[in-house]
Amino acid sequence: MGISEEKQKKLAYVARRYYLDDWKQSDIAKELGVSRPLVSRMLAEAREHGVVEIRIHDPAARQGQLVEQLRHSTSIRDSVLVEDGQDDDATNQLLSQGAVQLLWQLRSRRLGIGWGHLIGQLVTWLETHPQLSSTVTDICPLVGNASIPARNYQSNENVRLIAQQLGAAPHFIYLPALPDSLEEKQLLCSSEIYRQIQSQWDKMDTALVNIGNYPSSPDFASLVRYGDLLQQEHTCGRLLVYYFNPQGKVIQSEQDFAIQIPLEQLGRCPNIIGVCSANTSVRALQGALKTGLFTHLVARADLVRSALT
């Protein structure tokens, strides 16, 4: 340090009073019987000689480092990361805003949306923050309609509301997400209604896909569709109504009767945004990143940090 041990102790004492005990410089000067300008010079010396080290934790800089880590270690090309809000609802609103921000950055025109809690929160945010000058021209659902009353899973209604707030044209899917059987699914998927929604999927340039936990609520008839396959594969998460394991393998079942965009068709979309809600788990995000499916991400910064650690 270039100064005596005695001088180091004096500087450390003054620095401790000022930085840790939150004393004013005038109070320190009075205690030591010296002038306030001398205390100020001692604090400057303490920094100069390394007795005091000041670190500034800039959230934006930390987020930039996380984005770079994602680019280098996963299929993610860009992302919007947010700090935690006061509670889950506040965090989800920040995530919703981040998703809309990413749509602007990508200049998305033909958008497909999944379902789930964050999609419902996105609708809520847009209802109070309409984006009528957005670049989005057309919106369609990626999953059929659920039979449960929760708005988060009403695909057509969410498409209608989001289209209304973005000034876009809605395209609906008049099919259930979970028909009664595989045979019914095959029948419905041979219909003109299904062919029409498939043509919308082919035109998409951006897909907004939820990343959720497993086990999930609702359950989406997972036992009937998969038997014990999800347990055998150690499933950790869900995207749309597909399930995946920690290695990023999407679990396939010959008895799966869910109506949603086929994975190979989704994979042809240029921009696939994974959106994580406030309660998405680290394991779910890790598995989702390993699928290699996602090109963009909207998530909590702390969640991404934990997933990459």
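This text goes with the structure placed above it.
Chemist: Please explain the packing of helix 2 (residues 25–32) against helix 3 (residues 36–48) as it appears in this structure.
Modeler: The description of two helices packed together rests on the angle between their axes and the distance between the axes. Relative orientation of the contacting elements helix 2 and helix 3 amounts to 105°, with a least axis distance of 8 Å. In terms of axis orientation, helix 2 runs roughly perpendicular to helix 3. Residues Gln25, Ser26, Ile28 and Ala29 of helix 2 form the contact with helix 3, whose participating residues are Arg36, Val39, Ser40 and Leu43. Considering only residue class, the contact of helix 2 with helix 3 consists of 4 nonpolar, 3 polar and 1 charged.

Chemist: Just to check I follow, could you spell out the environment of tryptophan 23 for this structure?
Modeler: Mapped onto the elements, tryptophan 23 comes out in the loop between helix 1 (5–20) and helix 2. Those residues in contact with tryptophan 23 that lie beyond four places of it in its chain are Arg17, Tyr18, Ile28 and Glu31.

Chemist: I tried to follow unusual backbone geometry on my own but got confused; where do I start?
Modeler: Most peptide bonds are trans, and most residues other than glycine sit at a negative phi. Residue proline 215 is bonded to the preceding tyrosine 214 through a cis peptide linkage, with omega at -5°. With an omega of 0°, the peptide bond running from serine 217 to proline 218 counts as cis. Notably, arginine 107 is not glycine yet its phi reads approximately 55°, a positive angle. Mapped onto the secondary structure, arginine 107 falls in the loop between helix 5 (88–106) and strand 2 (110–113). Overall, the relative accessible area of 58% leaves arginine 107 in the exposed class.

Chemist: How should I be thinking about a nonpolar patch on the surface in this particular structure?
Modeler: A surface patch of nonpolar side chains, about 210 Å² in accessible area, is lined by Tyr13, Leu32 and Val34. Note on tyrosine 13: relative accessible area 31%, which makes it partly exposed.

Chemist: Mind showing me how you'd approach the nonpolar core here?
Modeler: Grouped burial of nonpolar side chains is what soluble globular proteins tend to show. The biggest cluster of nonpolar side chains holds 53 residues, and the ones touching the most others in it are Leu142, Trp201, Val209, Leu266, Leu285, Phe294 and Leu297. For this core, the element with the highest residue contribution is helix 14 (residues 301–308), accounting for 4 residues. Valine 209 has contacts with Leu142, Leu239, Leu240, Leu266, Ile272, Ile273, Gly274, Val275 and Phe294, leaving out every residue within four places of it along the chain. Within the second largest apolar cluster, 27 residues are counted, among which are Leu95, Leu111, Ile139 and Leu161.

Chemist: Looking at this structure, how should I read the packing of aromatic side chains?
Modeler: Remark: the centre distance and the inter-plane angle together describe each pair of aromatic rings, the angle taken between the planes. Under the defined criterion, the tally for this structure stands at 8 aromatic pairs. A centroid spacing of 5.1 Å and a plane angle of 80° characterise the contact between tryptophan 115 and tyrosine 153, whose relative ring orientation is edge-to-face. Of this pair, tryptophan 115 sits in the loop between strand 2 and helix 6 (117–128) while tyrosine 153 sits in the loop between strand 3 (138–141) and helix 7 (155–166), placing them 38 residues apart in sequence. Like tryptophan 115, the residue tyrosine 153 is buried in the burial classification.

Parameters and conventions
- Residues numbered from 1 in each chain as written.
- Predicted model: local features only at pLDDT ≥ 70, side-chain atom pairs only at ≥ 80, totals over all residues.
- Heavy atoms only, no water.
- Axes fitted to C-alpha atoms, helices over the stretch in contact; angles between N-to-C directions.
- Helix = DSSP H or I, 4+ residues; strand = E, 2+ residues; numbered from the N terminus.
- Parallel < 35°, antiparallel > 145°, perpendicular 65-115°, else oblique.
- Contact = heavy atoms within 4.5 Å.
- Nonpolar A, V, L, I, M, F, W, Y, C, P; charged D, E, K, R; others polar.
- Buried < 20%, exposed > 50% of the residue type's maximum accessible area, 1.4 Å probe, protein only.
- Patch = residues over 30% accessible without salt bridge, like charges linked within 9 Å, V, L, I, M, F, W, Y side chains within 5 Å.
- Areas by Shrake-Rupley, 256 points an atom, 1.4 Å probe, with all protein chains shown as cover.
- Salt bridge = Lys/Arg side-chain N within 4 Å of Asp/Glu carboxyl O.
- Core = buried A, V, L, I, M, F, W, Y, C linked by side-chain atoms within 4.5 Å.
- Phe/Tyr/Trp six-rings, centres within 6.5 Å; stacked < 30°, edge-to-face > 60°.

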